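# Structure at a glance
The lines below spell out each chain.
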Amino acid sequence: MKKHNFSAGPSILAPEVLEKASQAVLNFEGKGLSLIEISHRSPEFVTVINEARALVLELLDLKDKGYAALFLQGGASMEFIRVAFNLLNTNGKAGYVNTGTWANNAQNEAAFLGEVAEIASSKDKNYSYIPKNISIPSDLDYLHLTSNNTIYGTQFQSFPVTDVPLVCDMSSDIFSRVLDFSQFDLIYAGAQKNIGASGTSLVVVKEEVLGKIDRAIPNIMNYQKHIERESMYHTPAVFAVYTCYLTLKWLKDLGGIPAIERRNIAKANLLYSEIDRNSLFEGTVQTEDRSLMNAVFVLNDKHLETAFDEFWQAENISGLKGHRTVGGYRASIYNAMPMESVQHLVTVMQHFEAKFG
Ligand SMILES: Cc1ncc(COP(=O)(O)O)c(C=O)c1O
């Protein structure tokens, strides 16, 4: 029996995506060849990557609005530095909002190439909230935000309004809620949470923000090169991109982002209500900044941790441990997580309370 998988990433994918991807590895579209042994330039794969790129723009409502979608390699971590290569001028300055480990890593990587300013931070309270009313200097080359903080379970509910180009790491909440995505000039996300298998990252960039700096950019780091080559500058992560394609089709068939948002809100409400009601647990995040994707909570009595760990593991649950830097528990309830699994976790928490409360 398949486990209820609350892993933060790589994480749960829709059953039909796993099914079709496995089939394609054995025999891709009945061609008698595996998806991962054909040329990435074969018409079959070119169709896959092009359709995936088109679906990204369609689902984000960015079609015909001057954006390009790319599937690149190196994970979101590569984009930390690639963003700076493309947008941070040699004598320029970039602004970063420090909402946790990944936001901080993004800032530190960009600092290899130029000046970065931390314009707001929630480090003072162990990243348990999202800084509000951020004052944004007008001389920034770009402002970088992390929409959802996977480790701490905080999420921006609205974004600063500014003339400065807005760059957003959406690794753990892309395609999960309705937003005006055109407020961002560049969005990137590692695939392995809401899009597909690890090995590729999605970059969505407004083309007019590129080509404006005087820095020499190595080809592999240059978004314009990747756009010119239609995301085929070098061999793409064929299998990972295929899983993204399948997931994007799955999402479209489901009704797109509005439909998945309704499901995500219902799942998060169910889980947070239990965290708040259950006398043994408490949430760690300021209520209005709680993430729809990663619910972080702790036991009031740490002595119960071993008992709780044994309890949920015996109930066919996987991946509930909090990040090693935070401890406690984190239930990642990404797009593909069914309501039934969240209900199961809630029931397990209730049974645990009945036994140990
Ligand atoms: C918000 C966020 N940004 C960046 C990363 C790093 O992604 P990658 O491992 O693809 O480099 C992660 C990984 O969990 C993340 O959650």
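Heads up: these notes are all about the structure in this document. (Residues numbered from 1 in each chain as written. Predicted model: local features only at pLDDT ≥ 70, side-chain atom pairs only at ≥ 80, totals over all residues. Heavy atoms only, no water.)

### Considering the side chain of Asp169
- Tracing the sequence through the fold places Asp169 in strand β8 (residues 166–169).
- It turns out Asp169 is buried and unbridged, and the closest side chain with the opposite charge, Lys193, is 8.6 Å from it.
- A polar contact is formed between the side chain of Asp169 and the side chain of Ser171, at a distance of 2.7 Å.
- In this structure Asp169 touches Phe80, His144, Leu145, Thr146, Ser147, Asn148 and Tyr188, once residues within four positions along its chain are discounted. (Helix = DSSP H or I, 4+ residues; strand = E, 2+ residues; numbered from the N terminus. Buried < 20%, exposed > 50% of the residue type's maximum accessible area, 1.4 Å probe, protein only. Lys, Arg positive; Asp, Glu negative; His and termini not counted. Salt bridge = Lys/Arg side-chain N within 4 Å of Asp/Glu carboxyl O. Polar contact = N/O pair within 3.5 Å; in protein donor to acceptor, adjacent residues only side chain to side chain. Contact = heavy atoms within 4.5 Å.)

### Some thoughts on the pairing of strand β5 (residues 142–146)
- Counting buried positions along β5 gives five out of five residues, so the element sits mostly inside the fold.
- What you see with β5 is no split at all: Tyr142, His144 and Thr146 on one side and Leu143 and Leu145 on the other are buried throughout.
- Two elements, strand β3 (residues 93–98) and β5, share three bridges in a ladder whose sense is parallel. Across the sheet, Ala94 pairs through a bridge with Tyr142, a residue of β5.
- With four bridges joining them, β5 and β8 adopt parallel strand pairing. By the bridge assignment, Leu145 is partnered in β8 with Cys168. (Pairing = 2+ DSSP bridges.)

### Some remarks on helix α1 (residues 15–26)
- Over its 12 residues, α1 runs 17 Å from end to end, which matches the ideal 16 Å to within 8%, given 1.5 Å per residue.
- Taken as a whole, α1 has its buried residues at Val17, Ala21 and Ala24. All buried residues of α1 lie within an arc of 60 degrees about the axis, which places them on one face of the element. Facing away from the buried side of α1, by more than 90 degrees, are the exposed residues Pro15, Glu19 and Leu26. (Expected span 1.5 Å × (residues − 1). Arc of directions from axis to C-beta.)

### Here we look at the pattern of salt bridges
- Going through the model one piece at a time under the given rule, you end up with 13 salt bridges.
- A salt bridge links Arg82 to Glu79; the nearest nitrogen and oxygen atoms lie 2.8 Å apart. A residue pair is termed a helical-turn pair when its members lie 3 or 4 positions apart in one helix, as Arg82 and Glu79 do in helix α3 (residues 75–87) at three residues.
- Classification of Arg82 as buried rests on a relative accessible area of 2%.
- What makes Glu79 buried here is its relative accessible area of 0%.
- Salt-bridge contacts for Lys225 lead to Glu228; the nearest nitrogen and oxygen are separated by 3.7 Å. With Lys225 and Glu228 both in helix α5 (residues 223–228), this residue pair falls three residues apart, about one helical turn.
- Classification of Glu228 as exposed rests on a relative accessible area of 55%.
- Salt bridges here are not isolated pairs; linked through shared partners, they connect Lys132, Glu288 and Asp289.

### Re the packing of aromatic side chains
- For the coordinates displayed, the defined rule picks out 15 aromatic pairs.
- Measuring from ring centre to ring centre gives 5.6 Å for Phe281 and Phe297, while their planes differ by 80 degrees; the resulting arrangement is edge-to-face. With Phe281 in strand β11 (residues 281–283) and Phe297 in strand β12 (residues 294–299), this residue pair connects regions lying 16 residues apart in the sequence. Each member of the pair, Phe281 as well as Phe297, is classed as buried.
- Taken together, Phe281, Phe297, Phe308, Phe311, Tyr329, Phe352 and Phe356 form an aromatic cluster joined through their ring pairs.
- Above the plane of the ring of Tyr129 lies Lys125, whose end atom (NZ or CZ) is 5.8 Å from the centre. (Phe/Tyr/Trp six-rings, centres within 6.5 Å; stacked < 30°, edge-to-face > 60°. Lys NZ or Arg CZ within 6 Å of the ring centre and 35° of its normal.)

### A word on empty space enclosed by the protein
- All told, the structure shown has three cavities of 30 Å³ or more when counted by the stated rule.
- Taken together, Ile12, Leu13, Ala14, Lys193, Asn194, Thr247, Trp250, Asn335 and Ala336 make up the lining of the largest cavity.
- Classifying every residue of the lining of the largest cavity by side-chain character gives five nonpolar, three polar and one charged. (1 Å grid on protein atoms, 1.4 Å probe; cavity = no way out; pocket = protein on both sides within 12 Å on 5 of 7 lines; lining within 4 Å. Points joined across faces, edges and corners; volume = space filled by probe spheres on them. Nonpolar A, V, L, I, M, F, W, Y, C, P; charged D, E, K, R; others polar.)

### Thoughts on the site of the ligand
- Near the ligand you find Gly75, Ala76, Ser77, Phe80, Trp102, Thr146, Asn148, Thr150, Asp169, Ser171, Gln192 and Lys193, and these make up its full shell.
- For the ligand, an oxygen atom lies 3.0 Å from a polar atom in the backbone of Ala76.
- Taking Ser77, its side chain carries an N or O atom lying 2.6 Å from an oxygen atom of the ligand.
- The protein chains hide 86% of the 400 Å² of surface that the ligand would expose on its own.
- If you map the ligand onto the pockets, it falls in the largest pocket.
- Broken down by element, the residue count for the shell around the ligand peaks at four residues, all from α3.
- Classifying every residue of the shell around the ligand gives three nonpolar, seven polar and two charged. (Near = heavy atom within 4 Å. Areas by Shrake-Rupley, 256 points an atom, 1.4 Å probe, with all protein chains shown as cover. Sits in = over half its atoms within 2 Å of the grid points.)

### Comments concerning the environment of Met221
- On the secondary structure map, Met221 appears in the loop between β10 (201–206) and α5.
- Looking at Met221, the relative accessible area reads 9%, which means it is buried.
- In the structure, Met221 is positioned 136 residues away from Phe85 in sequence and 6.8 Å away in space, judged by C-alpha atoms.
- Excluding anything up to four places from it in sequence, Met221 contacts Met78, Ile81, Arg82, Phe85 and Asn86.

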